[in-house]
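Summary of structural features
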Amino acid sequence: MNIRLFRPSIGQEELDNLKGVFDRAWMGLGPLVSEFEAEWSRYIGCKMSIGVNSATAALHLALTAFHFPAGKKVLVPAITFASTASAVLYNNLVPVFVDVDEETAVMDLEDLQRKIDADCVAVIPVHNAGYPVPMGQLMEIAARHGLKVIEDCAHCAGGAYNGKMLGTWGHIGCFSFEEKKCMTTGDGGMICSDDPELLEPLKPYRWVGIDKDTWRRTVAAEGSQEDEAMHWHYDISVLGYKYNMNDVMAAIGLAQLKKLDAMNARRRAIIGRYLEGIKNIEGIKPYTAYSLRGKEAYWFFGIRSANRDELMVYLKHKGIATGVHFYPLPLHPLFKTWDNGCPVAKEIWKTFITLPSHVELTEEEIDYVIEAINVFSKEHATLIS
Ligand SMILES: *Cc1c(COP(=O)(O)O)cnc(C)c1O
């Protein structure tokens, strides 16, 4: 057995769409990006989406949209991927780490309220592993303190909370289509909002500052002779980035989006089988409070074990790849400067093990992983006694 931790689910549909890209010989930012943006907006139910080349870029630009003064503070969970907090630093803002809830491993709303002060301008909740932050409560807290809310939906494409799609609760939602995430475009991301006036100005920011529309509006009427002669012209009005999605990514994304609900359903089934399999194993608990009622999108299944490191080594020898999501950000050298406590995060991460839970996993492989954990736990219990 050799079981990968993550594996994208890609096949003929993606290849067929890519064939179209090759036939048209247009690989850059083009019509497929617009089509994917429109499909994505329809799918999650928001007014506007902008395709970019990663969720890291999406988070960076989502904060840029608000033009917060340098030095203001943004609240982020202590347990998340680096990009959530890097986006804060890219914008010359200050990250404030919020501890996580012991059981769910997402932002603890009590600690959030303790950490808010007059310099805080925004909060970035992360639906860690796909477990939704209680967004109704979070939006109330944010409104009370005048905070903008950017949802980091890198782990929950297609997921909903209380009947409303994740990514549509906050002012802006950011998604990742990196190869390991719920659906993929190789690398890619999406910025979504119900406020087109907030998102529209981000278009030149994702495209090295190029703004064709301003020049048209101010200089020449579309279709006029001057417009035709100056077809090559564009204005650079902002310091932009090379963050655009391209038609190769969008072609894959359009095929993946059609499969997203089925892939999320398969992951829920895998998680159901794992939960059943581990429930009587001593010393093993689920990573988060997985609930399987219907529209959840979980990125991965994980467990907690007091013997984390030994169990990971044991599983490795059995041909089972595992991971840790995540080592708390305030413990990293880059983010130590902003370490402000977060004792729960610093304790529970030591027990985290991410298990293979990608959609191509077979029932046989899941049972093999469960059995390996079972054998380890029995042997370990004997060792202790
Ligand atoms: C993966 C991830 C990102 C970054 O996604 P990319 O598309 O790889 O840039 C951001 N936030 C979280 C929580 C992630 O897990």
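Residues numbered from 1 in each chain as written. Predicted model: local features only at pLDDT ≥ 70, side-chain atom pairs only at ≥ 80, totals over all residues. Heavy atoms only, no water.

Once that is clear, we can look at the overall build of the protein chain. Regarding its fold elements, the protein chain presents 14 helices and 14 strands. Relative to the compact-globule value of 21 Å for 385 residues, the protein chain shows a C-alpha radius of gyration of 22 Å, a close match. When burial is assessed residue by residue, the protein chain has 56% of its 385 residues classed as buried. A sequence separation of at least 24 residues applies to 72% of the contacts in the protein chain between residues at least 6 apart. As displayed, the protein chain offers around 17000 Å² of accessible surface, 54% of which is attributable to carbon and sulfur atoms. (Helix = DSSP H or I, 4+ residues; strand = E, 2+ residues; numbered from the N terminus. Rg over C-alpha atoms; globule rule 2.2 N^0.38 Å. Buried < 20%, exposed > 50% of the residue type's maximum accessible area, 1.4 Å probe, protein only. Contact = heavy atoms within 4.5 Å. Areas by Shrake-Rupley, 256 points an atom, 1.4 Å probe, with all protein chains shown as cover.)

All right, on to the packing of helix H1 (residues 12-24) against helix H11 (residues 247-278) then. As a packed pair, H1 and H11 sit with axes 8 Å apart at the nearest point and diverge in direction by 150°. Regarding the angle of H1 to H11, the classification is roughly antiparallel. Of the two elements, H1 crosses H11, and the hand of that crossing is right-handed. Here H1 contributes Glu13, Glu14, Asn17, Leu18 and Val21 to the contact with H11, which in turn contributes Asp247, Val248, Ala251, Ile252, Leu254, Ala255, Gln256 and Lys259. Counted by class, the contact of H1 with H11 contains seven nonpolar, two polar and four charged residues. (Axes fitted to C-alpha atoms, helices over the stretch in contact; angles between N-to-C directions. Parallel < 35°, antiparallel > 145°, perpendicular 65-115°, else oblique. Left-handed = near helix turned anticlockwise from the far one by under 90°. Nonpolar A, V, L, I, M, F, W, Y, C, P; charged D, E, K, R; others polar.)

Inspection of the region around the ligand gives 17 residues, with Ala55, Thr56, His155, Ser176 and Lys181 positioned closest. The backbone of Ala55 places a nitrogen or oxygen atom 2.8 Å from an oxygen atom of the ligand. Here a nitrogen atom of the ligand and a side-chain polar atom of Asp152 are 2.8 Å apart. Elements that contribute at least two residues to the shell around the ligand include exactly helix H3 (55-64) and helix H4 (82-90). (Near = heavy atom within 4 Å. Polar contact = N/O pair within 3.5 Å; in protein donor to acceptor, adjacent residues only side chain to side chain.)

This part covers the domain arrangement of the protein chain. By the assigned domains, the protein chain splits into domain 1 (12-258) and domain 2 (262-384). Computed over C-alpha atoms, the centres of domain 1 and domain 2 are 28 Å apart. The interface of domain 1 with domain 2 comprises 38 residues on the first partner and 28 residues on the second. Across the interface of domain 1 and domain 2, roughly 2800 Å² is buried in total on both sides, 65% from carbon and sulfur atoms. Taken as a group, Ile79, Phe97 and Ala129 account for 21% of the area that domain 1 buries against domain 2, more than any other trio of residues on that side. On inspection of domain 1 and its partner domain 2, the count reaches zero salt bridges. Linking domain 1 with domain 2 are 15 residue pairs in polar contact (both at pLDDT 80 or more), by the criterion used here. Of all the secondary structure elements, the ones that give two or more residues to the side of domain 1 that touches domain 2 are H4 and strand E3 (94-98). At five residues, the largest contribution of residues to the side of domain 1 that touches domain 2 is made by E3. (Domains from an automatic or database assignment. Buried area = accessible area lost by both parts, 1.4 Å probe. Salt bridge = Lys/Arg side-chain N within 4 Å of Asp/Glu carboxyl O.)

Turning our eyes to something else, we now look at the sheet that holds strand E12 (residues 284-286). The strand order across the open sheet built from three strands is E12-E13-E14, with neighbouring strands paired in antiparallel fashion. Across the chains shown, the open sheet's two edge strands, defined by having one partner strand only, are E12 and strand E14 (352-355). Neighbouring strand axes in the sheet, compared pairwise and without regard to direction, differ in orientation by 35° on average. Relative to E14, strand E13 (residues 301-305) runs antiparallel, the two being bridged by four bridges. Within E14, the position partnered with Arg304 by the bridge is Phe352. Against the sheet, H11 contacts E12, E13 and E14, and its axis sits at roughly 20° relative to E13. Sheet strands in contact with helix H12 (residues 308-317) are E12, E13 and E14, and its direction is about 25° off that of E14. (Pairing = 2+ DSSP bridges.)

Attention shifts here to the sheet that holds strand E2 (residues 73-77). One key point about sheets: their strands pair by backbone hydrogen bonds, in either a parallel or an antiparallel sense. Within the open sheet, the seven strands sit side by side as E1-E9-E8-E5-E4-E2-E3. Their pairing is mixed. Among the strands making up the open sheet, the edge pair consists of strand E1 (48-52) and E3. Pairs of neighbouring strands in the sheet enclose a mean axial angle of 25°, with direction left out of account. Here two bridges tie strand E4 (residues 120-123) to strand E5 (residues 148-152), and the two strands are oriented parallel to one another. Considered in E5, the bridge of Ala122 is made with Lys148. Against the sheet, helix H2 (residues 31-44) contacts E1, strand E8 (172-176) and strand E9 (189-193), and its axis sits at roughly 130° relative to E1.

This part takes up the nonpolar core. Counting residues in hydrophobic clusters, the biggest one holds 124 residues, and the most contacted among them are Phe36, Trp40, Leu63, Leu112, Leu138 and Ile172. In terms of residue count, the dominant contributor to this core is H11 (twelve residues). When residues are assigned to domains, this core turns out to be shared by domain 1 (12-258) and domain 2 (262-384), each giving three or more. Ignoring anything within four residues of it in the chain, the contact list for Leu63 reads Phe68, Val74, Ala87, Val88, Asn91, Leu93, Ala122, Ile124 and Ile150. (Core = buried A, V, L, I, M, F, W, Y, C linked by side-chain atoms within 4.5 Å.)

With that settled, the discussion passes to H3. Summarising burial for H3: nine of the ten residues are buried, a large majority. Looking only at H3, the buried set comprises Ala55, Ala57, Ala58, Leu59, His60, Leu61, Ala62, Leu63 and Thr64. The N-capping residue of H3, defined by a side-chain oxygen 3.3 Å from the backbone nitrogen of Thr56, is Ser54.

In terms of burial, E9 is largely enclosed, as five of its five residues are buried. Of the two faces of E9, both are covered, the one formed by Gly189, Ile191 and Ser193 as well as the one formed by Met190 and Cys192. Bridging between E8 and E9 involves four bridges; their strand directions are antiparallel. Within E9, the residue paired with Cys174 across the bridge is Ile191.

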